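Descriptive structure summary
The chain contents come next:
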Amino acid sequence: WLESGFFTPENLPNADKREPFTIVLPPPNVTAALHMGSALMLAIQDTMIRFERMRGKIGSLWALGATLLVAGSAQAKDLYGLVRMGMDFGGDTIATIEWSDGSTADIKGGQLFSFSGGVLYAPEKQPYAAELIIAYKLDKVNGSNGSAAFTRVPVDLLGFYVHGPHRLGVGPTLHLNPKYTCDAAGVCGGEVSFGTALGGVMQYAFDWPVGGGLLDVGVRYTLIRYEADGGGTVDGSGAGFFFGGGF
């Protein structure tokens, strides 16, 4: 075999006229552990290069290369869990509390803090997305002789137009269990309940891909009114901003 030149095709007759043969060896796929498919791929490539060398092709080369996508692009996600914090401003004044030290504070229907979680469906390279968010929202004030708060549980379902990292969307919002409570000695005590309220949300978000997740910031406007169980309505509309992340 050594004299035949099977393993040294350069020694065969007419070596200078023989056709070269080259294949590319990709690296192991970083998206998963090695498996039977990896072994099969390497076995087939090894067989091909040995066969072509035995046919006498010059310079048969099994070259290192890269033909597979890395995990970051090969394993794109469509569904993300979301966690956010936000702050809103606006709405009617539900109550003005005067504390025992003479200071005052307002409780408004469209503010203040919100803490939320949910899911975002955003198919890669598609111009649409959707998200479902459940939040806890409250405006709370504390004074020298007690506290007062307006709380509710918003549920948002939004559809978006997507352009690159930008998302612009609208959708309905349902506010569950709106309630005003006051516990301030010498000022007020008890609570006022409101009915479940249906409104709308307009929202813009900007997304930064980070590893297998994302960071997002945005602004939103909520249009909604609350109706007290004992009669009377309160405008809970307001504008605000949020920030959070997806995983």
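Provided above is the structure to which this section pertains.
Figured I'd write up the structure that's included with this text. Predicted, not measured: the structure shown is a model, and the values here were computed from it.

1. Points about the overall build of the protein chain
- Of the regular secondary structure elements, the protein chain holds two helices and 15 strands.
- Per-residue burial for the protein chain yields a buried fraction of 36% across its 247 residues.
- Relative to all contacts within the protein chain whose residues are 6 or more apart in sequence, the contacts with residues 24 or more apart total 60%.
- With an accessible surface of roughly 14100 Å², the protein chain has 64% of that area assigned to carbon and sulfur atoms.

2. A closer look at the state of the cysteines
- The final tally for this structure, using the stated rule, is one disulfide.
- Linked covalently through their sulfurs, C182 and C188 form a disulfide whose S-S length is 1.5 Å.
- Owing to a relative accessible area of 5%, C182 belongs among the buried residues under this scheme.

3. So, empty space enclosed by the protein
- For the coordinates displayed, the defined rule picks out one cavity of 30 Å³ or more.
- Empty space within the largest cavity amounts to approximately 210 Å³.
- In this structure, the largest cavity is lined by 18 residues; those nearest its centre are S114, S116, A135, D156 and R220.
- Mapped by element, the contributors of at least two residues to the lining of the largest cavity are strand 3 (79-89), strand 6 (113-121), strand 7 (128-143), strand 8 (146-163), strand 12 (213-223) and strand 15 (238-246).
- Its residues assigned to classes, the lining of the largest cavity comprises six nonpolar, six polar and six charged.

4. Some points on the environment of E98
- Among the structural elements, E98 can be located in strand 4 (residues 93-98).
- Classification of E98 as exposed rests on a relative accessible area of 51%.
- Along the primary structure E98 and A184 are separated by 86 residues, whereas in three dimensions their C-alpha atoms are 9.4 Å apart.
- Once residues within four sequence positions are removed from consideration, E98 is found in contact with S103, T104 and V187.

5. Quick notes on the nonpolar core
- Of all hydrophobic cores here, the largest spans 17 residues; its most connected members are I97, A148, Y180 and F194.
- Contributions of two or more residues to this core are made by strand 4, strand 5 (104-108), strand 8 and strand 9 (166-184).
- When residues of this core are assigned to their parent elements, the largest contribution, three residues, is made by strand 9.
- In this structure A148 touches I97, W99, I107, D139, K140, V141, Y180, T181 and C182, once residues within four positions along its chain are discounted.
- Counting residues in hydrophobic clusters, the runner-up holds 11 residues, among them L82, A122, I133 and V162.

6. Details of the pattern of salt bridges
- Evaluation of the coordinates by the stated rule reveals eight salt bridges.
- Between R167 and D207 there is a salt bridge, and its shortest N-O distance comes to 2.7 Å. One end of the pair, R167, is in strand 9; the other, D207, is in strand 11 (residues 197-210), and 40 residues separate them in sequence. Neither R167 nor D207 differs from the other in exposure class; each is buried.
- In the salt-bridge network here, residues are joined through shared partners; they are R84, E131, R167, D207 and D216.

What counts as what
Residues numbered from 1 in each chain as written. Predicted model: local features only at pLDDT ≥ 70, side-chain atom pairs only at ≥ 80, totals over all residues. Heavy atoms only, no water. Helix = DSSP H or I, 4+ residues; strand = E, 2+ residues; numbered from the N terminus. Buried < 20%, exposed > 50% of the residue type's maximum accessible area, 1.4 Å probe, protein only. Contact = heavy atoms within 4.5 Å. Areas by Shrake-Rupley, 256 points an atom, 1.4 Å probe, with all protein chains shown as cover. Disulfide = S-S within 2.5 Å. 1 Å grid on protein atoms, 1.4 Å probe; cavity = no way out; pocket = protein on both sides within 12 Å on 5 of 7 lines; lining within 4 Å. Points joined across faces, edges and corners; volume = space filled by probe spheres on them. Nonpolar A, V, L, I, M, F, W, Y, C, P; charged D, E, K, R; others polar. Core = buried A, V, L, I, M, F, W, Y, C linked by side-chain atoms within 4.5 Å. Salt bridge = Lys/Arg side-chain N within 4 Å of Asp/Glu carboxyl O.

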